[in-house]
Amino acid sequence: MIAYYFKNIIISIVAFLLFAVTVILPVNLMKITVSPAVFETGGDYYNIVWETSFKGTGCVKYTYKGEEKVIWDSNNGIITSDDTVHSVRVPKQELRGNTYTVESQHIPFKFAYHCLKGKKTESAPIVFGGEKKEDGINILCIADIHEMEDKMNEALSHIEEKPDLICMIGDITSEMRTKDQFTKFLLKDAAELSGSAIPVVYTRGNHETRGEYAGVLADYLGDEHGKFYYTFEFGPLSAVVIDSGEDKEDSHKEYSGLVNFEQLRNEEYEWLCELDKKDFDGKYKIVFSHEPKLDDHFGKDWTKPLKELGMDLVVGGHWHQSKIEEGELPMFIVGGNLGNGNWAASIIRLENGKISLLTVDREGNLLIERDV
Ligand SMILES: [Fe+2]
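So, here's what we can say about the structure. If you're wondering where the values come from, they're calculated on a predicted model, not measured in any experiment.

### Notes on the pairing of strand β18 (residues 284-289)
- For β18, the tally of buried residues reaches six of six residues, placing the bulk of the element in the interior.
- Burial along β18 is two-sided: Y284, I286 and F288 facing one way and K285, V287 and S289 facing the other are all buried.
- Pairing between strand β17 (residues 237-242) and β18: six bridges, direction parallel. By the bridge assignment, V241 is partnered in β18 with F288.
- A crossover connection joins β17 to the parallel β18 through helix α6 (residues 261-274); in handedness this β-α-β unit is right-handed.
- As paired strands, β18 and strand β19 (residues 313-316) are joined by three bridges and run parallel to one another. Within β19, the position partnered with F288 by the bridge is V315.
- Remark: the β18/helix α7 (residues 303-308)/β19 crossover connection has right-handed handedness.

### Some details on the sheet that holds β18
- Read from one edge to the other, the open sheet built from six strands follows the order β16-β17-β18-β19-β21-β20, with strand pairing classed as mixed. Only two strands of the sheet have a single partner each, and these edge strands are β16 (230-234) and β20 (322-325). In this sheet, neighbouring strand axes are inclined to one another by 20 degrees on average, regardless of whether the strands run parallel or antiparallel.

### Things to note about the nonpolar core
- Residues C141, I142, C167, M168, V287, F288 and V315 are the most contacted members of the largest nonpolar core, which totals 82 residues.
- Of the residues that make up this core, three or more belong to each of domain 1 (27-127) and domain 2 (137-371).
- Once residues lying within four places of it in the same chain are set aside, the contact partners of V287 are V240, I242, L306, M311, L313, V314 and V315.

Basis of the calculations
Residues numbered from 1 in each chain as written. Predicted model: local features only at pLDDT ≥ 70, side-chain atom pairs only at ≥ 80, totals over all residues. Buried ≥ 20, exposed ≤ 12 C-beta atoms within 10 Å, placed from the backbone. Helix = DSSP H or I, 4+ residues; strand = E, 2+ residues; numbered from the N terminus. Pairing = 2+ DSSP bridges. Right-handed = clockwise from strand over helix to strand, strands pointing away. Axes fitted to C-alpha atoms, helices over the stretch in contact; angles between N-to-C directions. Core = buried A, V, L, I, M, F, W, Y, C linked by C-beta atoms within 7 Å. Domains from an automatic or database assignment. Contact = placed C-beta atoms within 7 Å.

This is the structure we're talking about:
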């Protein structure tokens, strides 16, 4: 009998501790650790992505045409509750010029027929831009941060133009082994550069294909098919985003036989060749690709289909340089980590039919100021 009571007391204490640890204690601990970033993924939807301190649910709330909308991070009818990163697809036309909030609830345990729910956290209301403009678009272009955010911010302090769109052109991190490398660098940079209030175009870099977490990125940033290549329109801009993948053959020893980029490149090239020029009616036509040199991309000339689409310019990174390469399809290399401790950021201005390119380094030196 004593053993029976003793056992029940132990069970009660354990249950209380479990309850305290999972529900009471996180009262002030369930919070948004990385603010939302609104990612362009082509098509009619944005992906809104944020991180919380504990695993749980995620939803985006806003009012559209008088109707209160709640859109969940869910998969095949099931609200996702086992992740600290939340990704919600929201119709572009409902978000542009609108105000939204994101909300998450801690879900410590989800069983088959009941669950233990913790506290909620909610962002402040965020006024989202992204409204269509006829002309006068500023695109902030960042590549090859390689975790040098301090230097990037020094370069950005010399850019006065307010961006309408952020383009992160790959190699934001040097590897993608862990979730933290995604959230504390790529996602955080996207949220901070955009202020959660304008769209972010993410172009995958070769370093972001490296490490165990690399395969997870598409769950948050991929398009409706889980791909990193797509097309999008932004006011007078018609754009193609290329996933240039890894920078060496699949057989290279660095990849340990665990990559299959040849298949990806074949599928992507086929997709590129099937794009229809009629769908690219913007006044400005730009390609974003981490690897900018596409005229001999693993044996194929990717610039041929791009030129047939009427593209004006390829904007890329990867080379750790600030330069323009002339040609039938000019290349603008936007800078990033230039080596020797220097760093450069670029802005593209689309106005009056001109594409104006400007690059500054962390000391405010003007490296490029050109129209193409
Ligand atoms: Fe690179």
